[in-house]
Amino acid sequence: MSNPPVSTVFEVDSSIVCALICLRQTEPACVAAQFDQATKSCALFNGFEHNHDPSNPKITIVFKFAAHFFAN
C-alpha cells in the first residue's frame, strides 16, 4: 500500500484472521488490510491507494464493496 496503515496488529496467524480484525476496526474504518506471513502482522488501512508490486509477498485483503477501486 502506498499510504501508511492506521494500525498494525501482530501475532496474526492467517489472512482470514487479518480480514476479521479489519472488519472489527471501526474508528477509523478499515477498508483494506495486508497480511504479512513472514512477520505474522496485519496492517489496517482506511484508504484505497495501492501499488502493485509482484515482489511483495504480502497478501492484500479487499472487501467486495471496495473491489472496484482496485480494478485495472
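As the structure is a prediction and not an experimental result, all values here were calculated from the model.

Visitor: Sorry if this is basic, but what is going on with the environment of Leu-20 here?
Guide: One can find Leu-20 in helix H1 (residues 15–24). Residue class for Leu-20 comes out partly exposed when judged on its relative accessible area of 45%. For the pair Leu-20 and Ala-33, spaced 13 residues apart in sequence, the C-alpha to C-alpha distance is 9.9 Å.

Visitor: In this structure, what is going on with unusual backbone geometry? I would like to understand it.
Guide: Excluding glycine, residues mostly carry a negative phi; peptide bonds, for their part, are mostly trans. Note the cis peptide between Glu-27 and Pro-28, where omega equals -5°. Along the chain, Pro-28 turns up in the loop between H1 and strand E2 (32–36). Notably, Glu-11 is not glycine yet its phi reads approximately 60°, a positive angle. As for its placement among the helices and strands, Glu-11 is situated in the loop between strand E1 (7–10) and H1. The class for Glu-11 is exposed, based on a relative accessible area of 75%.

Parameters at a glance
Note on numbering: residues in each chain are counted from 1, in written sequence order. Residue-level local features of this predicted model are given only where pLDDT is at least 70; pairs of side-chain atoms are given and counted only at 80 or more, and the full residue set underlies all totals for whole chains, interfaces and linings. In computing side-chain values, all of the structure's heavy atoms are included and hydrogens and water are not. Every helix listed is a DSSP run of H or I at least four residues long, and every strand listed is a run of E at least two residues long, numbered separately from the N terminus. Burial here depends on accessible area, computed with a 1.4 Å probe over protein chains only, as a share of the maximum for the residue type. Under 20% is buried, over 50% is exposed, and the range in between is partly exposed.

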